[in-house]
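The residues making up each chain are set out below.
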Amino acid sequence: GVNSDDSDFQAPRRKKRRQTQPPLPALSTIDDVAAAKVRLEAGDRVAETLVQLDHFSMDLPILRATKIGVVVNGFCGNPEFGAVARKLVAKWREVFRTQR
C-alpha cells in the first residue's frame, strides 16, 4: 500500500558494463607485433597486449625490425603495467644476448 515500510526501497543499480571487446588473437607474425606496437603507442588495451607479447616467441630479427622493445620499455615505470613490461624487457634482453 501507500504507507508500506519499503517506500524508500530502490531497485539495485546495475553496474555500467564497459563495452567488452573480443579478445585479441594470438600474435604469429611480424605484422602482428607491429600492430601490437601501434596499440601500445596509442595506450589501447595495454595489459592485454603485453600479455599477448609475453606469449609470443620473440626473436632478434623481429625485435630489431619492430623496435617493440623501445615501446615496452617505456611502460617499465608505469604503476599498472610496469611489472609485466620489466619481465618482457628482461626476457627480450636475453634473446638479444643469445641471438646476436
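As a starting point, this report considers the structure included with it. Keep in mind it's a predicted model, so treat the numbers as computed, not measured. (Residues numbered from 1 in each chain as written. Predicted model: local features only at pLDDT ≥ 70, side-chain atom pairs only at ≥ 80, totals over all residues. Heavy atoms only, no water.)

Some details on the overall build of the chain
Here's step 1: Scanning the chain from terminus to terminus reveals 5 helices and 0 strands.
Here's step 2: Reading the secondary structure of the chain in the N-to-C direction produces α-α-α-α-α.
Here's step 3: Relative to its full complement of 100 residues, the chain shows a buried share of 32%.
Here's step 4: Counting contacts in the chain only where the partners sit at least 6 residues apart, residues at least 24 apart contribute 61% of the total.
Here's step 5: Carbon and sulfur atoms make up 52% of the accessible area of the chain, which amounts to about 7,700 Å² in all. (Helix = DSSP H or I, 4+ residues; strand = E, 2+ residues; numbered from the N terminus. Buried < 20%, exposed > 50% of the residue type's maximum accessible area, 1.4 Å probe, protein only. Contact = heavy atoms within 4.5 Å. Areas by Shrake-Rupley, 256 points an atom, 1.4 Å probe, with all protein chains shown as cover.)

Observations concerning the packing of helix α2 (residues 46-54) against helix α5 (residues 82-99)
Two measures define how a pair of helices packs: the angle their axes make with one another and the distance between the axes.
Here's step 1: At a closest axis distance of 10 Å, the pairing of α2 and α5 adopts a crossing angle of 25°. Relative to α5, the element α2 is oriented roughly parallel. Of the two elements, α2 crosses α5, and the hand of that crossing is left-handed. Touching Leu50, Leu53 and Asp54 of α2 are Val84, Lys87, Leu88, Lys91 and Trp92, all from α5.
Here's step 2: Here the contact of α2 with α5 is built from residues that sort into 5 nonpolar, no polar and 3 charged. (Axes fitted to C-alpha atoms, helices over the stretch in contact; angles between N-to-C directions. Parallel < 35°, antiparallel > 145°, perpendicular 65-115°, else oblique. Left-handed = near helix turned anticlockwise from the far one by under 90°. Nonpolar A, V, L, I, M, F, W, Y, C, P; charged D, E, K, R; others polar.)

Here we look at the layout of surface pockets
Here's step 1: Estimates place the volume of the largest pocket at around 220 Å³.
Here's step 2: If you trace the largest pocket, you find it lined by Leu60, Leu63, Arg64, Lys67, Gly69, Val70, Asn73, Val89, Trp92, Arg93 and Phe96.
Here's step 3: When residues of the lining of the largest pocket are traced back to their parent elements, those giving at least two are α3 (60-66), α4 (68-73) and α5.
Here's step 4: The greatest single-element share of the lining of the largest pocket, amounting to 4 residues, is contributed by α5.
Here's step 5: The class makeup of the residues in the lining of the largest pocket is 6 nonpolar, 2 polar and 3 charged. (1 Å grid on protein atoms, 1.4 Å probe; cavity = no way out; pocket = protein on both sides within 12 Å on 5 of 7 lines; lining within 4 Å. Points joined across faces, edges and corners; volume = space filled by probe spheres on them.)

Comments concerning the side chain of Thr49
Here's step 1: Within the element layout of this structure, Thr49 appears in helix α2.
Here's step 2: Judged by its relative accessible area of 0%, Thr49 falls in the buried class.
Here's step 3: A polar contact is formed between the side chain of Thr49 and the backbone oxygen of Arg45, at a distance of 2.8 Å.
Here's step 4: Not counting chain neighbours up to four residues away, the residues in contact with Thr49 comprise Leu24, Ala36, Arg39, Leu40 and Asp44. (Polar contact = N/O pair within 3.5 Å; in protein donor to acceptor, adjacent residues only side chain to side chain.)

Some thoughts on unusual backbone geometry
Here's step 1: In the Ramachandran plot, Arg45 falls in the positive-phi region, its phi being about 55° despite a non-glycine side chain.
Here's step 2: Examined against the element boundaries, Arg45 turns out to sit in the loop between α1 (30-42) and α2.
Here's step 3: The exposure class of Arg45 is buried, given its relative accessible area of 18%.
Here's step 4: One non-glycine residue, Lys67, adopts positive backbone phi at about 55°.
Here's step 5: Examined against the element boundaries, Lys67 turns out to sit in the loop between α3 and α4.

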